[in-house]
Amino acid sequence: MKKYSCQWVLVLMATTLPAIAKDLSLEEVVVTAQKREQNAQTVPVTVDTFSSTDVENTGALILEDMQDYIPGFQVGEDIHGGGITQSQLIVRGVKGSNISTGGDPSVATFYDEVYLPKAATTVAFSDMQQIEVLKGPQGTLFGRNAAAGVVNMIPNAPNEETEAMLSARVGNYGLRRYEALGNFSVGGLAVRANALTNQRDAVIENFGPSPNDPREQDNQAARLAVRWDALNWLTLQVSYDYDKVDNGPKAVLGVLNERTNFPDPRDRKLNTDVIEGREQRDMDAWTGKALFDINEQWSGKFITSYRQFETFNLQDEDGTGDHEVYVDTNNIEDSDIFYNELQFNFTGEFLDLVLGMNYSAEDTYQKTDLRFSTAAAVSLASEQVGLPPTLINTLLGPSYEGTFGQESMINTGDFVNYGVYGDADFTINDRWNVIVGLRYSKDEKEFSWHAPQSDFVLAQLLGENLIFNTENNEPEYAEESWSKVTGRLVANYQFSDTAMTYLSYSTGYKSGGFDSLNPNTGKVPLDPEEVENIELGLKGDFFDSHLRTQLAFFYMEIEGRQESIESQEPGSGAAVPTVINTDEEYKGTEITIDWLISDELRAGLIYTYRKQDSQREAHFDSQAEFQEAEQVNTTAPQDYTITLDWSPVLSFGSILFHLDYVYKDNTDPENEDHQDRFFQVPGYGEDFAILNARILFVPANSKVEVALWGRNLLDDRGISQPGGLTGDLLGTYHVGVQDPTTYGVDLKYVY
């Protein structure tokens, strides 16, 4: 009897509950790529978005986690992108120079409409509305350092709704991520608060004496925002955000030498003895906004913000647990920035206009430490003084065995940037629009270098440091200013209600600067980067909004790109990151496709192709050999990502199956840093193939969501190209390796 009763209950549920499936339709995406809210499909700029849904489906926490889902966007050239404090954002193959505070990135990053300095660009994705990536020069509207593109992170703003959310993400390797948010309004006052904490154990086994495990994570982030409708024409908003990072050091796995205990990096094992290795950052900021309406056509906005941060990033540089070749580096920063922008918008029948001005003042302090064992220093010094290491060891005597030496370069900087811009969008008729924009930018920089005399015995004997030196070990100072007028000219044609094409010419600019490790750039500063870009684009919804596509074909020229290389001056102890100027040409294609196959099934494709030609100035390479000016031609890896979402109709809730497959073409054996001996490293040159999945279930009439997820389900073990500061001299090459398979469960309660 009970059996039949249960069957009747199930039949009754099936007939009374509505059929439920996740909405997979191609919804309108609103972006602010032109400093105003617009449908992304009507903006004549190549802009890709990473939504809050994308954040959930991928488990993304920082910019590095979303790089496989945005064509032409990359975070660093290593597998793990340089970490939190030294992330190098790359758009269309254009990357900034090294960690120097005297230079600037080539990709500008904004959070809540405020510019972020280099070490502050990676912010935890807590309560994020979406992230926009704009391709090509965006100097007209975004100004400073938008030579190659812009990353624009947009957190959710306070609103009139009452809402709350609690979520937990737990998984193997001790992953524990918790997030909470609340939003409420009283009268004309709206308050929104959110907080996130994330911890994960190391995913690489460390058999060395270092107490801090590489690749472990510890992040906290919080934000409080208050919005007040003060008058019917004036809205005020103030927000405070806090971001703290205390991660383990970067995982560097030694290869190609007998000192490493684990010659196959694909085993994900290392033996590191790095002393106090950590990556830390404490950062907070206040931001104020005033939004006002002047009349029916004119409106405006004023933004002011103050952000401060301190960083500590001590990393292993030899990839072994052998004291004989011990080398580590530490990048310490203590900086702040004061940013302001005033903007006016005009909306008319035949003209949309954006006018504005911005001002920022940045104070920086950077200390770069290089620490080495006496044995490693002897090898470095033997090159410098021309004596064999055994003789130097004999001269020093046994009392210096097991000791360390350290050298430092200390930099300070005061930077001022201001600009004035205007952008006019003319409606010619129902089909044609023409956009004209101009900006004047000026940068003023004061910078200093100081390499104190090291108390290390070899430096004392030589009368100078082995690596870092300033004249007489005293501070050196420089100041310079640069200015530039940039702009854009765009013609776009709306050939249907849902599709358009555009042709654009735009210019970008990144100011000149100084190399923090090279005082000679005080006498001859780095040239500014000047960019010209021609682009043909197509975007639209086709076949009754079942197919959405964005295609871009671009040609970009950069004069004076500030490129970071490993360079060793003759007579110096080792190669160090050095910035030189190159002239470059880029040609490429980027494709984003979303296909709604049926109401229950949706697929996506992301594809990038790019070719690069570089004319590099004369320089010394990492082995102190002089290289004449040369032409370098490269083809970027042909990467693609395929996504699939399936939500079958159920009567007792909704379910969503999400898959994404990431393929990365490995071209390391073809690039200029390749050496034939690298083929001895297991896995070198092998392509990457990564499969990720997530299954989300939401019971009917429930406020609870449950999801199972897995990352790198094929357990791809791809590695990066061997490298390292002392690879050529001490033979301590090392690589990074892809994280192993991870899996877990997400729980979410929404009120």
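Provided above is the structure to which this section pertains.
Everything numeric in this text was worked out from a predicted model, so none of it was measured.

About the thresholds
Residues numbered from 1 in each chain as written. Predicted model: local features only at pLDDT ≥ 70, side-chain atom pairs only at ≥ 80, totals over all residues. Heavy atoms only, no water. Helix = DSSP H or I, 4+ residues; strand = E, 2+ residues; numbered from the N terminus. Rg over C-alpha atoms; globule rule 2.2 N^0.38 Å. Buried < 20%, exposed > 50% of the residue type's maximum accessible area, 1.4 Å probe, protein only. Areas by Shrake-Rupley, 256 points an atom, 1.4 Å probe, with all protein chains shown as cover. Lys, Arg positive; Asp, Glu negative; His and termini not counted. Charge placed at Lys NZ, Arg CZ, Asp CG, Glu CD. Pairing = 2+ DSSP bridges. Axes fitted to C-alpha atoms, helices over the stretch in contact; angles between N-to-C directions. Core = buried A, V, L, I, M, F, W, Y, C linked by side-chain atoms within 4.5 Å. Contact = heavy atoms within 4.5 Å. Patch = residues over 30% accessible without salt bridge, like charges linked within 9 Å, V, L, I, M, F, W, Y side chains within 5 Å. Salt bridge = Lys/Arg side-chain N within 4 Å of Asp/Glu carboxyl O. Phe/Tyr/Trp six-rings, centres within 6.5 Å; stacked < 30°, edge-to-face > 60°.

K.L.:
Can you help me understand the overall build of the chain in this one?
P.N.:
A tally of regular secondary structure across the chain gives 7 helices and 39 strands. Computed over the C-alpha atoms, the radius of gyration of the chain is 27 Å, within 12% of the 27 Å expected from 2.2 N^0.38 for a compact globule of 751 residues. Overall, the chain is about 90 × 75 × 50 Å in size when its C-alpha atoms are taken along their principal axes. Out of the 751 residues belonging to the chain, those deemed buried represent 55%. Carbon and sulfur atoms form 55% of the exposed surface of the chain, whose accessible area is close to 31200 Å². Here the chain contributes 54 positive and 117 negative side-chain charges, whose respective centroids are spaced 6 Å apart.

K.L.:
When you look at the pairing of strand 22 (residues 351-373) in this model, what are you seeing that I'm missing?
P.N.:
Each regular strand shows side chains that alternate between the opposite faces of the sheet. Relative to strand 22, strand 21 (residues 327-347) runs antiparallel, the two sharing 19 bridges. Bridge pairing links Asn330 to Asp369 in strand 22. Between strand 21 and strand 22, which pair antiparallel one after the other, the connecting turn spans 3 residues. Across 23 bridges, the pairing between strand 22 and strand 23 (residues 404-427) is antiparallel. Following the sheet pairing, Leu355 is matched in strand 23 by Gly422.

K.L.:
Which parts of the structure should I look at to understand the sheet that holds strand 7 (residues 107-111)?
P.N.:
Sheets are built from strands paired through backbone hydrogen bonds, the pairs being either parallel or antiparallel. The sheet built from 5 strands is open, its strands ordered 3-9-10-7-8 with mixed pairing. In the strand order of this sheet, the two ends are held by strand 3 (47-51) and strand 8 (114-116), each with one partner. This sheet shows a mean twist of 25° between the axes of neighbouring strands, independent of strand direction. As paired elements, strand 3 and strand 9 (residues 128-135) share 5 bridges and run antiparallel to each other. Each residue of the ladder has a partner; that of Ser51, found in strand 9, is Gln130.

K.L.:
So what exactly am I meant to see when it comes to unusual backbone geometry here?
P.N.:
Residues apart from glycine generally show negative phi values, whereas peptide bonds are mostly found in trans. Of note, Asp127 is a non-glycine position whose phi angle comes to about 50°, a positive value. Within the secondary structure, Asp127 is located in the loop between strand 8 and strand 9. With a relative accessible area of 8%, Asp127 lands in the buried category. Its identity is not glycine, yet Asn473 carries a phi of approximately 55°, on the positive side. Its place among the elements puts Asn473 in the loop between helix 6 (457-462) and strand 25 (476-496).

K.L.:
It is not clear to me how the nonpolar core should be interpreted in this structure. Could you clarify?
P.N.:
Generally speaking, nonpolar side chains in soluble globular proteins are found buried as a group. Within the largest apolar cluster, 34 residues are counted, with the highest numbers of intra-cluster contacts made by Leu63, Met66, Phe73, Phe125, Ile131 and Met153. Going through the elements one at a time, strand 4 (73-75), strand 5 (89-91), strand 7, strand 9, strand 10 (149-155) and strand 28 (547-567) are the ones with two or more residues in this core. If sequence neighbours within four positions are ignored, Leu63 has contacts with Phe73, Val75, Leu89, Thr121, Phe125, Ile131, Val151 and Met153.

K.L.:
How should I be thinking about a negative patch on the surface in this particular structure?
P.N.:
A cluster of acidic residues, Asp363, Asp414, Glu444, Glu446, Glu479 and Glu480, forms a negative patch on the protein surface. Of all the elements in the fold, those that place two or more residues in the negative patch are strand 24 (432-450) and strand 25. One can find Asp363 in strand 22.

K.L.:
How should I be thinking about the side chain of Asn219 in this particular structure?
P.N.:
Examined against the element boundaries, Asn219 turns out to sit in strand 15 (residues 217-231). Every residue in contact with Asn219, bar those within four places of it in the chain, is listed here: Leu61, Leu196, Thr197, Asn198, Gln199, Lys244, Val245 and Asn247.

K.L.:
Explain the packing of aromatic side chains here, please?
P.N.:
To describe a pair of aromatic rings, you give the distance between the ring centres and the angle between the ring planes. Evaluation of the coordinates by the stated rule reveals 21 aromatic pairs. For the ring pair Phe652 and Phe697, a centre distance of 6.1 Å and an interplane angle of 50° mean the geometry is tilted. A residue pair is termed long-range when its members are at least 10 positions apart, and Phe652 in the loop between strand 34 (640-646) and strand 35 (653-664) and Phe697 in strand 36 (residues 688-699) qualify at 45 residues. Residue classification places Phe652 among the partly exposed residues on the basis of a relative accessible area of 44%. An aromatic cluster is built from Phe415, Phe447, Trp449, Trp482 and Phe514, whose rings are joined through pairwise contacts.

K.L.:
Looking at this structure, how should I read the sheet that holds strand 6 (residues 94-95)?
P.N.:
Taken together, the 3 strands give an open sheet; going across it, the order is 4-5-6, and neighbouring strands pair in antiparallel fashion. Edge positions in the open sheet fall to strand 4 and strand 6, since each of these has one partner strand only. Bridging between strand 5 and strand 6 involves 2 bridges; their strand directions are antiparallel. Looking at the pairing, Val91 lines up with Val94 of strand 6.

K.L.:
What is the right way to read the pairing of strand 36 from this model?
P.N.:
Pairing of strand 35 with strand 36, which is carried by 12 bridges, proceeds in the antiparallel orientation. Bridge pairing in strand 36 places Tyr661 opposite Leu691. The pairing of strand 36 with strand 37 (residues 704-711) spans 5 bridges and is antiparallel. Within strand 37, the position partnered with Arg694 by the bridge is Trp709. Hairpin connection, strand 36 to strand 37: the antiparallel pair is bridged by 4 residues, and Asn701 has positive phi, about 55°.

K.L.:
Just checking my understanding: could you explain the pattern of salt bridges for this structure?
P.N.:
A pair can form between side chains of opposite charge whenever their charged atoms are brought close. What the rule picks out here adds up to 38 salt bridges. The shortest N-O distance in the salt bridge between Arg169 and Asp746 comes to 2.9 Å. Taken together, the residues Arg169 in strand 11 (residues 163-171) and Asp746 in strand 39 (residues 742-750) connect sequence positions 577 residues apart. Of the charged contacts, one joins Asp243 and Arg281 as a salt bridge, the two residues approaching to 2.9 Å between their closest N and O atoms. One end of the pair, Asp243, is in strand 16 (residues 234-247); the other, Arg281, is in strand 19 (residues 278-293), with 38 residues separating them in the sequence. Considered together, Asp243 and Arg281 belong to a single accessibility category, that of buried residues. Members of the salt-bridge network, linked through shared partners, are Asp48, Arg92, Lys135, Glu535 and Glu590.

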